[in-house]
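# Tertiary structure, described
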Amino acid sequence: MGAEAVPESSQMAAAAPSGGEKVTTFGQTEDGKKIPRKGTPVSPGSAISGVPGEIVKIIEVGPGYNVVEMSDGKIQRREGNRNWRNNNPGNISYGDFAKSKGAIGTDGRFAIFPTYEMGRQAKIDLIFKGSGYRNLDLKSAIYRYAPPNENDSERYYQTVLNAAGGVDKILS
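Here the structure is a predicted model, which means the values were calculated and not measured.

### Quick word on the pattern of salt bridges
- Evaluation of the coordinates by the stated rule reveals 6 salt bridges.
- Measuring nitrogen to oxygen at the nearest pair gives 2.6 Å for the salt bridge that ties Arg 82 to Asp 107. On the criterion of sequence distance, the pair formed by Arg 82 in helix α1 (residues 82-85) and Asp 107 in the loop between β7 (105-106) and β8 (111-112) is long-range, its members being 25 residues apart.
- Judged by relative accessible area, which is 25%, Arg 82 ranks as partly exposed.
- Between Lys 129 and Asp 125 there is a salt bridge, with the nearest N and O atoms lying 3.5 Å from each other. Of the two residues, Lys 129 and Asp 125 are both situated in helix α3 (residues 116-129); the distance of 4 residues between them amounts to about one turn of the helix.
- Taking relative accessible area as the criterion, Lys 129 reaches 57% and is therefore assigned exposed.
- Given a relative accessible area of 11%, Asp 125 falls into the buried group.
- Salt bridges sharing common partners tie together Lys 101, Asp 125 and Lys 129.

### Comments concerning unusual backbone geometry
- Of note, Asn 91 is a non-glycine position whose phi angle comes to about 45°, a positive value.
- Inspection of the secondary structure puts Asn 91 in the loop between α1 and α2 (96-100).
- With a relative accessible area of 2%, Asn 91 lands in the buried category.
- The phi dihedral of Asn 135 falls on the positive side, at around 70°, and the residue is not glycine.
- Within the element layout of this structure, Asn 135 appears in the loop between α3 and α4 (138-145).

### A look at the pairing of strand β4 (residues 55-62)
- Two strands pair when backbone bridges link them, and β4 and strand β5 (residues 65-70) are joined in this way by 6 bridges, in the antiparallel orientation. Among the inter-strand pairings, Ile 55 is bridged to a residue of β5, identified as Met 70.
- Where β4 folds back on β5, the antiparallel hairpin that results is connected by 2 residues, among which Gly 64 adopts a positive phi of roughly 85°.

### Things to note about α4
- Burial in α4 covers these residues: Leu 138, Ala 141, Ile 142 and Tyr 145. Buried positions in α4, seen along its axis, are confined to an arc of 100° and lie on one side of it.
- Buried residues along α4 sit in contact with α3 and α5 (153-163).

### Re the environment of Gly 62
- Structurally, Gly 62 can be placed in strand β4.
- The class of Gly 62 is buried, set by a relative accessible area of 17%.
- Between the C-alpha atoms of Gly 62 and Glu 79, which are 17 residues apart in sequence, the distance is 9.8 Å.

### Structural notes on the packing of α4 against α5
- Running from amino to carboxyl end, α4 crosses α5 at an angle of 135°, the nearest separation of the two axes being 9 Å. In terms of axis orientation, α4 runs oblique to α5. Pair α4 / α5 crosses with right-handed handedness. Of the residues in α5, those in contact with Leu 138, Lys 139, Ile 142, Tyr 143 and Tyr 145 of α4 are Ser 153, Glu 154, Tyr 156, Tyr 157, Val 160 and Leu 161.
- Class assignment for the residues of the contact of α4 with α5 results in 8 nonpolar, 1 polar and 2 charged.

### Regarding the environment of Ile 112
- Among the structural elements, Ile 112 can be located in strand β8.
- Separated by 57 residues in sequence, Ile 112 and Ile 55 place their C-alpha atoms 8.7 Å apart.

Here is what the cut-offs are and how they apply
- Residues numbered from 1 in each chain as written.
- Predicted model: local features only at pLDDT ≥ 70, side-chain atom pairs only at ≥ 80, totals over all residues.
- Heavy atoms only, no water.
- Salt bridge = Lys/Arg side-chain N within 4 Å of Asp/Glu carboxyl O.
- Helix = DSSP H or I, 4+ residues; strand = E, 2+ residues; numbered from the N terminus.
- Buried < 20%, exposed > 50% of the residue type's maximum accessible area, 1.4 Å probe, protein only.
- Pairing = 2+ DSSP bridges.
- Arc of directions from axis to C-beta.
- Contact = heavy atoms within 4.5 Å.
- Axes fitted to C-alpha atoms, helices over the stretch in contact; angles between N-to-C directions.
- Parallel < 35°, antiparallel > 145°, perpendicular 65-115°, else oblique.
- Left-handed = near helix turned anticlockwise from the far one by under 90°.
- Nonpolar A, V, L, I, M, F, W, Y, C, P; charged D, E, K, R; others polar.

So, in structure tokens, the structure goes:
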């Protein structure tokens, strides 16, 4: 998605956990070195995906992982789907819109939100409360949200259309 409230591009967000999400919490040795504890699978959406607190600082991002500091001071390596580890179920690009909704940084393209709930609310606000999708039919909205140059937009549209009862209506 684009950096503004009207996205130019997007990646289709996974609707369900893949089962591969993992959080590794780091402890510290007596001399202050961080050591990882064994990561455990967690499910997106459950009390910050099973992690207490919220992300307060982004330390490092890389392919398939983020290292973040949580509000309780613990350092965590979050692995799994990009939208999950960024607390960003809409894969909203980092920019003015995301920052206005509380994003604290980026993984290089997409916003990282302190909590899953904040990322979810940003997605709701983008699609249902902003002007970028108002008065578009479902197909036009899907193609704007998940453009064909990055997604199988027609498949995405058909999936949503079927879930909505097969009727393509104007979003209001």
